Amino acid sequence: QVQLVESGGGLVQPGGSLRLSCAASGNIFSMTSMGWYRQAPGKQRELVAAVTSGDSTNYADSVKGRFTCSRDNTKKTIYLQMNSLQPEDTAVYYCHLRALRSGSYRYDDYWGQGTQVTVSS
């Protein structure tokens, strides 16, 4: 089994910052993409940022220049530093991992349980 455990969500005022973390564990043989998605009420889940195994990072246009996504492969952990947060950033943030389990022949997608980020005064 592969587990993703997220932390770092909460309530913050507009213009504030939060840092999310997501640690992967289990019988992981290889990881490719790690990233963050978010889902606001009444909206579809959308990509926020993702880091490939080659350390190439993609960001949603709405967060470029404000959010920084990074990964530590030795710790199997991904981070999302969120600065200049705005009310429209309010959502449940989900960690995503595409990985190959030991003994498996295919890569599968794994998701964290989600952490709430609320930006409000």
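Structure: see above.
Bear in mind the structure is a predicted one, so any value in this text is a computation, not a measurement. (Residues numbered from 1 in each chain as written. Predicted model: local features only at pLDDT ≥ 70, side-chain atom pairs only at ≥ 80, totals over all residues. Heavy atoms only, no water.)

Student: I tried to follow the overall build of the protein on my own but got confused; where do I start?
Tutor: A tally of regular secondary structure across the protein gives zero helices and 11 strands. Element order for the protein, N to C, with α for helix and β for strand: β-β-β-β-β-β-β-β-β-β-β. Seen along its three principal axes, the alpha-carbon backbone of the protein occupies a region of about 50 × 25 × 25 Å. Residue burial in the protein is summarised as follows: out of 121 residues, 40% are buried. Across the protein, every contact between residues at least 6 apart in sequence was considered, and the portion connecting residues at least 24 apart equals 56%. Only carbon and sulfur atoms are counted for the fraction: they give 46% of the accessible area of the protein, which is about 6,400 Å². (Helix = DSSP H or I, 4+ residues; strand = E, 2+ residues; numbered from the N terminus. Buried < 20%, exposed > 50% of the residue type's maximum accessible area, 1.4 Å probe, protein only. Contact = heavy atoms within 4.5 Å. Areas by Shrake-Rupley, 256 points an atom, 1.4 Å probe, with all protein chains shown as cover.)

Student: Even after reading the chapter, I still don't get the sheet that holds strand E3 (residues 18–26), so can you show me in this structure?
Tutor: Pairing between the strands of a sheet is mediated by backbone hydrogen bonds and can be parallel or antiparallel. On the basis of which strands lie adjacent, the open sheet formed by four strands has the order E1-E3-E8-E7 and antiparallel pairing. Here the strands that pair on one side only, and so sit at the sheet edges, are strand E1 (2–7) and strand E7 (67–72). The sheet shows a mean angle of 15° between the axes of neighbouring strands, taken without regard to direction. (Pairing = 2+ DSSP bridges. Axes fitted to C-alpha atoms, helices over the stretch in contact; angles between N-to-C directions.)

Student: I tried to follow the pattern of salt bridges on my own but got confused; where do I start?
Tutor: Two side chains with opposite charge may pair up if their charged atoms get near one another. Taken as a whole and assessed by the stated rule, the structure comprises six salt bridges. Across the pair Lys64 and Asp61 runs a salt bridge whose closest N-O atoms are separated by 3.1 Å. Accessibility expressed as a relative area gives 49% for Lys64, which makes it partly exposed. One salt bridge in this structure joins Asp108 and Arg106, with 3.0 Å as the shortest N-O distance. Linked through salt bridges whose partners overlap, the residues forming this network are Arg38, Glu46, Arg66 and Asp89. (Salt bridge = Lys/Arg side-chain N within 4 Å of Asp/Glu carboxyl O.)

Student: Just checking my understanding: could you explain the packing of aromatic side chains for this structure?
Tutor: A ring pair, where both rings are aromatic, is described by two values, the distance of the centres and the angle of the planes. With the rule as written, the count across this model stands at one aromatic pair. The ring of Tyr94 has Arg45 sitting right over it, with the charged end atom 3.7 Å from the ring centre. The aromatic ring of Trp111 is capped on one face by Arg45, whose charged end is 4.7 Å from the ring centroid. (Phe/Tyr/Trp six-rings, centres within 6.5 Å; stacked < 30°, edge-to-face > 60°. Lys NZ or Arg CZ within 6 Å of the ring centre and 35° of its normal.)

Student: Quick question: what am I supposed to make of the side chain of Arg66 here?
Tutor: Tracing the chain through its elements places Arg66 in the loop between strand E6 (57–59) and E7. Once you skip the residues sitting within four places of it in the chain, Arg66 turns out to touch Gln81, Met82, Asn83, Ser84, Leu85, Gln86 and Asp89.

Student: Would you mind going over the state of the cysteines with me for this structure?
Tutor: In this structure the tally under the stated criterion is one disulfide. With its sulfur 2.1 Å from that of its partner, Cys22 forms a disulfide with Cys95. The chirality of the disulfide connecting Cys22 with Cys95 is left-handed, given an S-S dihedral of about -85°. One end of the pair, Cys22, is in strand E3; the other, Cys95, is in strand E9 (residues 91–101), and 73 residues separate them in sequence. You can call Cys22 buried: its relative accessible area is 0%. Between Cys69, a cysteine without a disulfide, and Cys95, which holds the nearest cysteine sulfur, the sulfur-to-sulfur distance is 8.9 Å. (Disulfide = S-S within 2.5 Å.)

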